[in-house]
Amino acid sequence: MLTATQRTALRSTQQYCRQAGKLMLAERSERLLHSRSPIFVAGGNRSSVIADTPPAVSALRGWAGAVQSRRMCSDAAVIRPAVTMYSEEEEMLRESVATFAREVIGPKVSQMDRDGVMDPEIVAACFAQGVMGIEAPEEYGGVGLGFTAACLAVEEVARVDPSVAVMIDIHNTLLITAFMRYASEEQKAKYLPKLCQEYVGSFCLSEPSSGSDAFALKTKAEFDAGSKEWVINGGKSWISNSMEAGLFVVFANADFSKAHRGITAFIVEKENAGLTIGKKEDKLGIRASSTCELSFDNLRLPEDAVLGAVGEGYKMAISLLNEGRIGIGAQMVGLAQGAFDAAMPYLHQRKQFGARIADFQGMQFQYARARTDIEAARLLVYNAARLKEAGMPFVQEAAMAKLYASETAASVSSQCIDWLGGVGFTKAFVAEKFYRDAKIGTIYEGTSNIQLQTIAKNIQKEYD
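K.L.:
Talk me through the overall build of the protein chain; I want residue IDs and the actual numbers.
P.N.:
Helix and strand counts for the protein chain come out as 15 helices and 12 strands. When the 464 residues of the protein chain are sorted by exposure, 48% land in the buried category. Pairs at least 24 apart in sequence give 71% of the contacts found in the protein chain among residues at least 6 apart. Of the roughly 21,800 Å² that the protein chain leaves accessible, carbon and sulfur atoms contribute 54%.

K.L.:
Please set out the pattern of salt bridges residue by residue, giving values where relevant.
P.N.:
A complete count under the given rule lists 28 salt bridges for this structure. Residues E156 and R94 are paired through a salt bridge, measuring 3.4 Å at the closest nitrogen-oxygen approach. Highlighted residues: E156 in helix α8 (residues 147–158) and R94 in helix α5 (residues 88–105), separated in sequence by 62 residues. By relative accessible area, which is 5% here, E156 ends up buried. In this structure, R287 engages D282 in a salt bridge whose closest nitrogen and oxygen atoms are separated by 2.7 Å. Classification of R287 as buried rests on a relative accessible area of 18%. It is possible to trace a salt-bridge network through shared partners that takes in E91, R94, E156, R159 and D341.

K.L.:
I'd love a proper account of helix α14 (residues 431–438), names of residues and values included.
P.N.:
Most of α14 sits inside the fold, with seven of its eight residues counted as buried. Its buried side turned inward, α14 meets α6 (109–115), α8, α9 (162–182), α11 (313–349) and α13 (395–420).

K.L.:
An account of the packing of α13 against α14 is requested, with residue identities and associated values reported.
P.N.:
For the pair α13 and α14, the least separation of the axes is 8 Å and the interaxial angle reads 155 degrees. With respect to each other, α13 and α14 are oriented roughly antiparallel. Taken as a pair, α13 and α14 cross one another with a handedness that is left-handed. In this structure, α13 contributes A409, A410, S413, S414, I417 and L420 to the contact, and α14 contributes A431, E432, F434, Y435 and A438.

K.L.:
Account for the layout of surface pockets, naming residues and giving values.
P.N.:
Empty space within the largest pocket amounts to approximately 1,200 Å³. As for the largest pocket, its lining consists of 42 residues, of which G211, I443, Y444, E445 and G446 are closest to the centre. For the lining of the largest pocket, the elements supplying multiple residues, two or more each, are α9, β3 (200–204), β5 (229–240), α11 and α15 (448–463). Looking at the lining of the largest pocket, its residues break down into 21 nonpolar, 12 polar and nine charged.

K.L.:
Account for the nonpolar core, with residues named and values stated.
P.N.:
Core analysis: the largest hydrophobic core is formed by 102 residues, its most contacted members being V164, F179, F203 and W419. Among the elements that line this core, the one with the most residues is α11, at 18 residues. Not counting residues up to four positions away in its chain, the partners in contact with V164 are I105, M112, M118, I122, C126 and V157.

K.L.:
Please give an account of the packing of aromatic side chains that cites residues and values.
P.N.:
The geometry of an aromatic ring pair comes down to the distance between the two centres and the angle between the two planes. All told, the structure shown has nine aromatic pairs when counted by the stated rule. Seen from their ring centres, Y346 and F429 are 5.7 Å apart, and the 85 degrees between their planes marks the pair as edge-to-face. Here F429 lies in the loop between α13 and α14 and Y346 lies in helix α11, a separation of 83 residues in the sequence. The class for F429 is partly exposed, based on a relative accessible area of 28%.

K.L.:
Help me get a handle on the side chain of Q396, residues and values and all.
P.N.:
Its location among the elements puts Q396 in helix α13. When its relative accessible area of 12% is taken as the criterion, Q396 is described as buried. Apart from residues lying up to four places away in sequence, Q396 is in contact with I455, N458, I459 and E462.

K.L.:
Explain the packing of helix α7 (residues 120–129) against α9 to me, using residue names and the numbers behind them.
P.N.:
Two quantities define a packed helix pair, namely the angle between the axes and the distance from one axis to the other. Axis separation between α7 and α9 bottoms out at 12 Å; the angle between their running directions is 50 degrees. By the angle between their axes, α7 is oblique relative to α9. Both α7 and α9 take part in a crossing whose hand is right-handed. Of the residues in α9, those in contact with I122, V123, C126 and F127 of α7 are V164, M167, I168 and H171. A breakdown of the residues in the contact of α7 with α9 according to their chemical character gives seven nonpolar, one polar and no charged.

K.L.:
Break down the pairing of strand β7 (residues 263–269) for me, citing the residues and quoting the values.
P.N.:
Here β7 lies mainly inside the structure; seven of its seven residues are buried. Bridge count for strand β6 (residues 245–253) against β7 is seven bridges, and the pairing is antiparallel. Bridge pairing in β7 links A252 to T264.

K.L.:
Can you break down α9 residue by residue, with the values?
P.N.:
When the terminal C-alpha atoms of α9 are compared, their 28 Å separation across 21 residues agrees well with the 30 Å that a helix rising 1.5 Å per residue should span. Considering bend angle alone, the principal kink of α9 is centred on N172 and spans about 25 degrees. With a side-chain oxygen lying 3.0 Å from the backbone nitrogen of S163, the N-terminal cap of α9 falls on D161.

K.L.:
I'd like to hear about unusual backbone geometry, residue by residue, with values.
P.N.:
A positive phi angle, close to 50 degrees, is found at N298, a residue other than glycine. Looking at where N298 falls in the secondary structure, it is placed in strand β9 (residues 291–302). Even without being a glycine, E445 presents a positive backbone phi close to 55 degrees.

Calculation notes
- Residues numbered from 1 in each chain as written.
- Predicted model: local features only at pLDDT ≥ 70, side-chain atom pairs only at ≥ 80, totals over all residues.
- Heavy atoms only, no water.
- Helix = DSSP H or I, 4+ residues; strand = E, 2+ residues; numbered from the N terminus.
- Buried < 20%, exposed > 50% of the residue type's maximum accessible area, 1.4 Å probe, protein only.
- Contact = heavy atoms within 4.5 Å.
- Areas by Shrake-Rupley, 256 points an atom, 1.4 Å probe, with all protein chains shown as cover.
- Salt bridge = Lys/Arg side-chain N within 4 Å of Asp/Glu carboxyl O.
- Axes fitted to C-alpha atoms, helices over the stretch in contact; angles between N-to-C directions.
- Parallel < 35°, antiparallel > 145°, perpendicular 65-115°, else oblique.
- Left-handed = near helix turned anticlockwise from the far one by under 90°.
- 1 Å grid on protein atoms, 1.4 Å probe; cavity = no way out; pocket = protein on both sides within 12 Å on 5 of 7 lines; lining within 4 Å.
- Points joined across faces, edges and corners; volume = space filled by probe spheres on them.
- Nonpolar A, V, L, I, M, F, W, Y, C, P; charged D, E, K, R; others polar.
- Core = buried A, V, L, I, M, F, W, Y, C linked by side-chain atoms within 4.5 Å.
- Phe/Tyr/Trp six-rings, centres within 6.5 Å; stacked < 30°, edge-to-face > 60°.
- Pairing = 2+ DSSP bridges.
- Expected span 1.5 Å × (residues − 1).
- Bend = angle between axes of the 7 residues up to and from the residue.
- Polar contact = N/O pair within 3.5 Å; in protein donor to acceptor, adjacent residues only side chain to side chain.

The structure is reproduced here in structure tokens:
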């Protein structure tokens, strides 16, 4: 039995925890009142085992009064939730987006894939659903949630259609983030409401001669002092969202003598004279997502069309792409999960040699490992997302998440076709679409080799 003094101390601890919002620790303390099990208690530089002693009593003996309460409820003592334990708002968003993807996007996936066109009704529905402004503040028409919430939305949509998911991902993690972080107050007021409610955004960095070497771009920006306008000439390649976009962030070099330090970001509206959207690529996968060439022929922009500062574009692009890789990781996790979910019912229904395919041990080993890989990728993605939200270093974790999630998506989607057999090789099942869609994951927003290089550089820093 606990003494009256010990019970009073424990109740004080629980009250402090509740006031601090640490309900899990308070509930755990309540359970420990009735628990009798061995426990380790720290003492100086040693640890001792106190057997058959209520843990709450042992803990109370280890610390004194108010110091004990503060330590038990400090960040170091509180049991931290798993990275996949979501807030109430995040969970509500996830469930809402899952239903939206299944009921609104799902019926149109096959047709959009065949036609290679994003249905305008789906784009409008994404705005109506609120998934095009997840991180934007409510004052600009956004939802006002965090980066993890945006990743959850991307994952849930990717389980149904990775093409729509990448449109949402680029729009949120690159465009919305760019304006929230780098735009002037006037630019925010003008463009964020449109990005949340009307304009799809497009991020224009890659060129024919600058893929992985992104800062070798040749698009040129010159300032015309007479008209006080920027004049842009050049072109871009492999630009996602370009057919649907109403707003483009274009990277051009304003001073080639400074090499990459001359690169500057510009805000370009679709109606700007001098902008031409070229041919749409006929792609292997994510076919509904538009990928086009852009050309700029004496494209004139007002002086205040610069996003951020002149010459700071390369820093902006690096920062945004580091975050964007987490979003692509979320897309790939959703893709892998969608392929897995589509294949598993068949394995439990189809019989061969008198038994369900799912009951053969060789198959069990395969889908158990696939599910493990998906969960491992998910943990990498959301760990990186939480680090980003907390303002902690996350570049290495983002690269790991994108690398592993994209490779998992490729592996799992391929295995799912194997599990389905002949029908998996036909368009009657969605497995072949997931397989085609997965390939882009190891290519865009940094190839797998670029991710490995990033990870290796961070490892070297630890040992140099």
